[in-house]
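# Remarks on the overall topology
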Amino acid sequence: MRVPLHTVVADALREQISSGELPIGAPLPSESELCARFGASRGPVRQALAQLRNEGLIETSQGRVPTVRDRPLAHSIDDFFSFTAWVQASGRTPGQHTIELARRVPQASVAAQLQIGADERAVVVVRRRSIDGEPVMLERSWYVDEVGRRLFDIDTDAGSIFGALIDRGVPLDLGMHSIDAVAADETDAAQLEVPLGSPLLRVQRVTSSYAGVVLEYADDRYRTDRATLAIRNSRTTSAVSRPSVARLAQEAQEA
């Protein structure tokens, strides 16, 4: 079966990008150069470039030569690390900018996640997280009041809030994550520099102590062109073999 010419072009350029022959930021050959190289018309060449753009491998814009773009970092959520630790482990520079830090009564859905009364206050912190100065994720975290009050004594622009709270003895031991996709609202769009309605990868997290006390609920929204999520599985760490939260809580109480 004959391989379509646009696939041949795309595969060849993809191999050059993955091998590093075309490094991040490097311009691709011009359309005329690609046509001559592959004996193709402009139609298949443009199809190939569109395919690579859709895969997030290249950046294209009107009147500019396509360039190789930075590949999204894979954030492993099976390891209970902070955004800061993940980015630093990848050899990149994390950043954060606090948009809001306030103590107030949360909406009903958040109160339910925190397992607090409808009229109880909690502390919310909203931060824009970045990698090498580029916005990657918008973080909305709600903490139960006893924990959240400590944030007012922490420089939330300095680094990991999780690390700072753990250093202060807060038992942020267990995280339950759920993943879905959402459309960027006005705040997301403005802070992440994407068009309104753009698809974002959302990770919702409920964090508790080993004793089963819920301490935090988070709604983190990632730009899909700058970060992906990775999950590692093995038979020995599956839900069947993994200790349950209830068992961990019982062990903590017995200790």
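For the structure given in this document, a descriptive report is provided here. As the structure is a prediction and not an experimental result, all values here were calculated from the model. (Residues numbered from 1 in each chain as written. Predicted model: local features only at pLDDT ≥ 70, side-chain atom pairs only at ≥ 80, totals over all residues. Heavy atoms only, no water.)

### Looking at the overall build of the chain
- Counting its regular elements, the chain contains nine helices and 10 strands.
- Each of the 255 residues in the chain was classed as buried or not, and the buried ones make up 42%.
- Sequence-distant contacts, at least 24 apart, represent 60% of the contacts inside the chain between residues at least 6 apart.
- About 14,000 Å² of surface is accessible on the chain, with carbon and sulfur atoms providing 50% of the total. (Helix = DSSP H or I, 4+ residues; strand = E, 2+ residues; numbered from the N terminus. Buried < 20%, exposed > 50% of the residue type's maximum accessible area, 1.4 Å probe, protein only. Contact = heavy atoms within 4.5 Å. Areas by Shrake-Rupley, 256 points an atom, 1.4 Å probe, with all protein chains shown as cover.)

### Here's the deal with the packing of helix 1 (residues 5–19) against helix 2 (residues 31–38)
- Remark: helix 1 packs on helix 2, axes separated minimally by 11 Å, with the N-to-C direction vectors making an angle of 110 degrees. On the basis of the axis angle, helix 1 is roughly perpendicular to helix 2. Across the interface between the two elements, L5, V8, V9, A12, L13 and Q16 of helix 1 pack against L34, R37 and F38 of helix 2.
- Per-class residue counts for the contact of helix 1 with helix 2 are seven nonpolar, one polar and one charged. (Axes fitted to C-alpha atoms, helices over the stretch in contact; angles between N-to-C directions. Parallel < 35°, antiparallel > 145°, perpendicular 65-115°, else oblique. Nonpolar A, V, L, I, M, F, W, Y, C, P; charged D, E, K, R; others polar.)

### Points about unusual backbone geometry
- For D132, which is not a glycine, the phi torsion comes out positive at approximately 50 degrees.
- Inspection of the secondary structure assignment puts D132 in the loop between strand 5 (122–131) and strand 6 (134–144).
- Its relative accessible area of 41% is what places D132 among the partly exposed residues.
- Located in the positive-phi region is E193, a residue other than glycine, with phi close to 60 degrees.
- Overall, the relative accessible area of 57% leaves E193 in the exposed class.

### With respect to the sheet that holds strand 5
- On the basis of which strands lie adjacent, the open sheet formed by six strands has the order 4-5-6-9-8-7 and antiparallel pairing. Whereas interior strands pair on both sides, the edge strands pair on one side only; in this sheet they are strand 4 (94–104) and strand 7 (174–183). In this sheet, adjacent strand axes meet at a mean angle of 15 degrees when their direction is disregarded.
- Across 10 bridges, the pairing between strand 4 and strand 5 is antiparallel. Within strand 5, the residue paired with Q96 across the bridge is R129. (Pairing = 2+ DSSP bridges.)

### A look at helix 2
- Turning to helix 2, its buried residues number three or more, namely L34, C35 and F38. Buried residues in helix 2, looked at end-on, bunch into an arc of 105 degrees, giving them a common side.
- Where helix 2 ends, the next residue or the one after it, G39, has phi of about 60 degrees, a positive value. (Arc of directions from axis to C-beta.)

### A short note on a nonpolar patch on the surface
- On the surface, V3, L5 and V8 cluster together into a nonpolar patch covering about 200 Å² of accessible area.
- Topologically, V8 is positioned in helix 1.
- Since its relative accessible area comes to 33%, V8 is described here as partly exposed. (Patch = residues over 30% accessible without salt bridge, like charges linked within 9 Å, V, L, I, M, F, W, Y side chains within 5 Å. Salt bridge = Lys/Arg side-chain N within 4 Å of Asp/Glu carboxyl O.)

### Remarks on the packing of helix 2 against helix 3 (residues 42–54)
- It is the contact of helix 2 with helix 3, at a shortest axis distance of 9 Å, that shows an interaxial angle of 110 degrees. As judged from the angle between their axes, helix 2 and helix 3 are roughly perpendicular. Judged by the twist between their axes, the crossing of helix 2 over helix 3 is right-handed. Residues E31, S32, L34 and C35 of helix 2 touch helix 3, and the partners they reach there are R42, V45, R46 and L49. (Left-handed = near helix turned anticlockwise from the far one by under 90°.)

Any functional reading would require information beyond the geometric quantities listed.
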